[in-house]
Amino acid sequence: MIDITLLGTGSPMIDPNRAGPSTLVKAGDSVFLVDCGRGVLMRAAAAGVGAANITALLLTHLHSDHITDLSDVITTRWVTTFVPTPLPIIGPPGTRAVVDATLAALAPDISYRIHHHADITEPPSVQVYEYTDGQVWDDAGVRITAAPTDHRPVEPTLGFRVEHDGASVVLAGDTVPCAGLDELAKGANALVHTVIRADLVQQMPLQRIRDILDYHSSVEQAAATAARAGVGTLVLTHYVPPLVPGQEDQWRAQAATEFSGPVEIGDDLLRVSVGN
Ligand SMILES: [Zn+2]
Ligand SMILES: [Zn+2]
């Protein structure tokens, strides 16, 4: 059994009710945080998970909305862990530079806390692993593989497939349909896919917003990916524009034009379980 919790279903567009992009994946005793957008630890707390409980942080890419709260994850993990436990951070090339710069920005705070607390003697401990594809995790019965996605000009970007006890969940991140994701998602129990409503975004007056059409999947495109890959359940997240409560059926109807299986869509903390 793998449990998916949508911690943040928002996007760069501010929505008072939706945290930034982040998904929690629980597989056996392991807890993976996939991306860490704004407000992620508030939502994780609501799901019963603290920063100290995170087994590893996976980053699909380095767009700001997906990493806004990286400093909060690193700092809160550090100050709430009593036996220093390194946080593995797995992401595409460029991740190490972002983590190093975040730690540099935190240097004053790190020094304040080390000087103030007798039992904090070391700076935050992180272990960064950069991948472009292949197996990125194999521990405690959980295997995670990564594959390149297509979010150009943002590159490289990754999708992740988490497998545990015969169950499988794929996290697409931000991407247009691509062969890497098709292969990664093949036969998975669930595909968590970020989406935009192309019909609505096309009508937006600002060119800067319409620009996002060329590197995100529409609801229909995400659904077509799910159909090609033969996944069990399609879980939609990262709603652009923000999903208005009561309009879930519109989004579901668009997905149903391409994918006949179950489609999950909803608010932050929506939980989906797959496997036995
Ligand atoms: Zn992005
Ligand atoms: Zn995004």
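About the thresholds
- Residues numbered from 1 in each chain as written.
- Chains lettered and ligands numbered in written order.
- Predicted model: local features only at pLDDT ≥ 70, side-chain atom pairs only at ≥ 80, totals over all residues.
- Heavy atoms only, no water.
- UniProt positions renumbered as here; feature names shortened; annotations may be inferred.
- Helix = DSSP H or I, 4+ residues; strand = E, 2+ residues; numbered from the N terminus.
- Donors = N, O, S within 2.8 Å, 3.2 Å for Na, K, Ca; no water.
- Tetrahedral: all angles 85-135°; square planar, octahedral: opposite > 155°, others 65-115°.
- Buried < 20%, exposed > 50% of the residue type's maximum accessible area, 1.4 Å probe, protein only.
- Pairing = 2+ DSSP bridges.
- Contact = heavy atoms within 4.5 Å.
- Axes fitted to C-alpha atoms, helices over the stretch in contact; angles between N-to-C directions.

So, on to the UniProt feature "domain: Metallo-beta-lactamase" (unreviewed entry) in the protein. Following the UniProt record, the feature "domain: Metallo-beta-lactamase" (unreviewed entry) maps to residues 19-216 here. In the segment residues 19-216, helix accounts for 29% and strand for 29%; the C-alpha atoms at its two ends are 19 Å apart.

Turning to the coordination of the zinc ion (ligand 2), a few remarks are in order. For the zinc ion (ligand 2), the full set of protein donor atoms is Asp-65 (OD), His-66 (NE2), Asp-174 (OD) and His-238 (NE2), at a range of 2.2 to 2.5 Å. One way to put it: the four donor atoms around the zinc ion (ligand 2) meet at angles of 86 to 160°, and that makes the site irregular. Look at where the donors of the zinc ion (ligand 2) fall in the sequence and you get D-H-x107-D-x63-H. The distance between the zinc ion (ligand 2) and the zinc ion (ligand 1) comes to 3.4 Å, with Asp-174 serving as a donor to both metals. One end of the pair, His-66, is in helix H2 (residues 64-67); the other, His-238, is in strand E12 (residues 233-240), and 172 residues separate them in sequence. A single burial state applies to His-66 and to His-238, both of which are buried.

With that settled, the discussion passes to the sheet that holds strand E11 (residues 190-196). Taken in spatial order, the seven strands of this open sheet run E7-E8-E9-E10-E11-E12-E13, and their pairing is mixed. Unpaired on one side and paired on the other, strand E7 (134-139) and strand E13 (263-264) mark the two borders of the sheet. Sitting on the sheet, helix H9 (residues 219-229) touches E11 and E12, and the angle it makes with E11 is about 160°.

Below, the discussion takes up the sheet that holds strand E4 (residues 56-58). Backbone-to-backbone hydrogen bonds pair the strands of a sheet. The strands run either parallel or antiparallel. Pairing within the open sheet is mixed, and its seven strands lie in the order E6-E5-E4-E3-E2-E1-E14. For this open sheet the edge positions go to strand E6 (126-130) and strand E14 (271-274), each flanked by a neighbour on one side alone. When strand polarity is set aside, the average angle formed by the axes of neighbouring strands in this sheet is 20°. With five bridges joining them, strand E5 (residues 87-91) and E6 adopt parallel strand pairing. Residue pairing in the sheet places Pro-88 in a bridge with Gln-127 of E6. Packing against the sheet, helix H3 (residues 70-79) makes contact with strand E3 (30-34), E4, E5 and E6, and its axis sits at approximately 160° to E5. Running at roughly 155° to E6, helix H4 (residues 95-105) makes contact with E5 and E6 of the sheet.

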